[in-house]
Amino acid sequence: MYDYDLLVVGSANADLVVGVERRPAAGETVLGSDLTVHPGGKGANQAVAAARLGARTALLARVGDDANGRMLLDSQRAAGVDTVGVLVGGVPTGVALITVDPSGDNSIVVSPGANARLTPPDVRVAASLFQASRVVSTQLEIPLETVMEVVRNLADGSRFVLNPSPPRPLPSELLAACDPLIVNEHEAKVILGESAVGDAPEGWARILLAKGPRSVVVTLGADGALVATAEGVTRIPSVKVDAVDTTGAGDAFTAALAWQLGAGASLTEAAAYAARVGAAAVTKPGAQESFPTAAEVEALCGAVPGNARRMPGGDDGSQRPAGESLRGESL
C-alpha cells in the first residue's frame, strides 16, 4: 500500500510578478503594475496542484530559513501537502521574476537559491518517501545530478514523470526512465536541436520517443496536447477558456497527469484530464492561487473529453500492468 499518490521532487520559489503592457526589448525600460509576491517554483506548484485535486502528495525540496521559505511551507500545508521532505536553511529561498502581458502570456527568470543546494545525498536520505510513493515527478529547476539520483532511487513498480524545464540535453539513463517525458514546444525544440527544424509537433513527439522515453507528451497550449507511445501519436483536444494568466499552467497539467496515472488511468485519459486542469488554472491570476479543485475542474470543463483523436497508427491508450517496474535500460 502506497502512502502517497505522488511524490514531487523539485524547486520551491517565491514568484515576484509584475504585469506589463508588453515585454521590453533589449535595452528598453517599460512600466509595470505593482509587484506581487506569490508561492511558486515548479516543484512546489506541482505538489499544490495535485493536492488540490485530491492526491495524497509529498514534496522533497529545499527552501531558505527566511520569509519566502515560510510562505512556501505555509502554502504547501494549506493545500494538504506533506512537507516532511522539505529541507530548510543554508541559503536564501529561490526567486522567480515574472512578467505577465495582457494576453496572459508570461516570461520568467529564475534565481535558484536553495534549489541549487538540493543534492543527491538529500535524495538518498529521503529513501522512505520514494518507497511510499506510487508516482514520482520532477523537473530541471534543481541540479541534474539530483534528478539522476531520483531515478536511481525509484521504488519497484513506481512511475517516473519528468518535465525538463528549463530544457537541456538529457542523459540516456534519465530519458529511459521517463513515462512520460512532458515537454512544451520550446522544450521539445531545445532537446531535439536541429532535428526538430521544419517538423510538425507530431514529428517532434515521434523523434523524442525514439530517444528512449517509455512515452512522451507534448503540450501545445490552446491547441491541446500530443501523446506518443510505441503504438502511435494521439492528439488530445484543448478546452476553450478565457485565459487570464498562464503562469503555472504547465505545472498544473503535469501534476494532474501524474496523479491520474497513479490512479490507474491510461496515458490518453490522464492527458485529457490534465488538459482540463490546465485550462481551469489559466482562468485565474497567479500560479498556486489559480490551481483548481476537482470540483472546480468539473464545474468549468464538464465531463472528461472522450474524443482524443488518433493519428495514423494511433494509440489505444493501453499502459503497462499495475505494479510493473517502469525503469528502463540506458541507451
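Structure: see above.
Here the structure is a predicted model, which means the values were calculated and not measured. (Residues numbered from 1 in each chain as written. Predicted model: local features only at pLDDT ≥ 70, side-chain atom pairs only at ≥ 80, totals over all residues. Heavy atoms only, no water.)

Draft legend 1. A look at the pairing of strand β13 (residues 232–236). Taken across its five residues, β13 has five buried, putting it largely inside the fold. Neither face of β13 is exposed, since Gly 232, Thr 234 and Ile 236 on one face and Val 233 and Arg 235 on the opposite face are all buried. Of the pairings in the sheet, the one linking strand β12 (residues 225–229) to β13 comprises five bridges and is antiparallel in character. Bridge pairing in β13 links Thr 229 to Gly 232. (Buried < 20%, exposed > 50% of the residue type's maximum accessible area, 1.4 Å probe, protein only. Helix = DSSP H or I, 4+ residues; strand = E, 2+ residues; numbered from the N terminus. Pairing = 2+ DSSP bridges.)

Draft legend 2. Summary view of helix α7 (residues 185–192). Regarding α7, the residues found buried are Glu 187, Ala 188, Ile 191 and Leu 192. The buried residues of α7 occupy an angular sector of 120° when the element is viewed end-on, so they sit on one face. Buried positions along α7 lie against β9 (159–163), β10 (178–184) and α8 (201–210). Trailing α7 by a residue or two, Gly 193 shows a phi angle of about 65°, which is positive. (Arc of directions from axis to C-beta. Contact = heavy atoms within 4.5 Å.)

Draft legend 3. A look at the pattern of salt bridges. Considering all chains together, one arrives at 13 salt bridges under this definition. The partner of Asp 251 in a salt bridge is Lys 42, with the nearest N and O atoms 2.7 Å apart. Here Asp 251, found in helix α9 (residues 249–262), pairs with Lys 42, found in helix α1 (residues 42–53); they are 209 residues apart in sequence, far enough to count as distant. This pair shows no difference in class: Asp 251 is buried, exactly as Lys 42 is. We note a salt bridge from Arg 235 to Glu 202, for which the minimum N-O separation is 2.6 Å. Of this pair, Arg 235 sits in strand β13 while Glu 202 sits in helix α8; the two residues are 33 residues apart in sequence, bridging distant segments of the chain. By the burial criterion, Arg 235 is buried, and Glu 202 matches it. (Salt bridge = Lys/Arg side-chain N within 4 Å of Asp/Glu carboxyl O.)

Draft legend 4. The nonpolar core, seen in detail. Within the largest apolar cluster, 47 residues are counted, with the highest numbers of intra-cluster contacts made by Leu 59, Val 217, Phe 253 and Leu 257. Listing elements by their share of this core, those giving two or more residues are β1 (4–9), α1, β4 (57–63), α2 (67–79), β12, α9 and α10 (267–281). Beyond its immediate chain neighbours, meaning those up to four positions away, Leu 59 contacts Leu 7, Val 8, Gly 43, Ala 44, Ala 47, Gln 76, Val 81, Asp 82, Gly 85 and Val 86. Counting 42 residues, the second-largest nonpolar core is a separate cluster that includes Phe 130, Val 136, Met 148 and Ile 191. (Core = buried A, V, L, I, M, F, W, Y, C linked by side-chain atoms within 4.5 Å.)

Draft legend 5. Expanded view of empty space enclosed by the protein. On inspection of all chains with the given rule, the structure shows one cavity of 30 Å³ or more. Every residue along the wall of the largest cavity is listed here: Ala 12, Ala 44, Leu 59, Val 63, Leu 72, Leu 73, Gln 76 and Val 86. Counting residues per element, the ones that place at least two in the lining of the largest cavity are β4 and α2. For the lining of the largest cavity, the leading source of residues is α2, giving three residues. Looking at the lining of the largest cavity residue by residue, the class counts come to seven nonpolar, one polar and no charged. (1 Å grid on protein atoms, 1.4 Å probe; cavity = no way out; pocket = protein on both sides within 12 Å on 5 of 7 lines; lining within 4 Å. Points joined across faces, edges and corners; volume = space filled by probe spheres on them. Nonpolar A, V, L, I, M, F, W, Y, C, P; charged D, E, K, R; others polar.)

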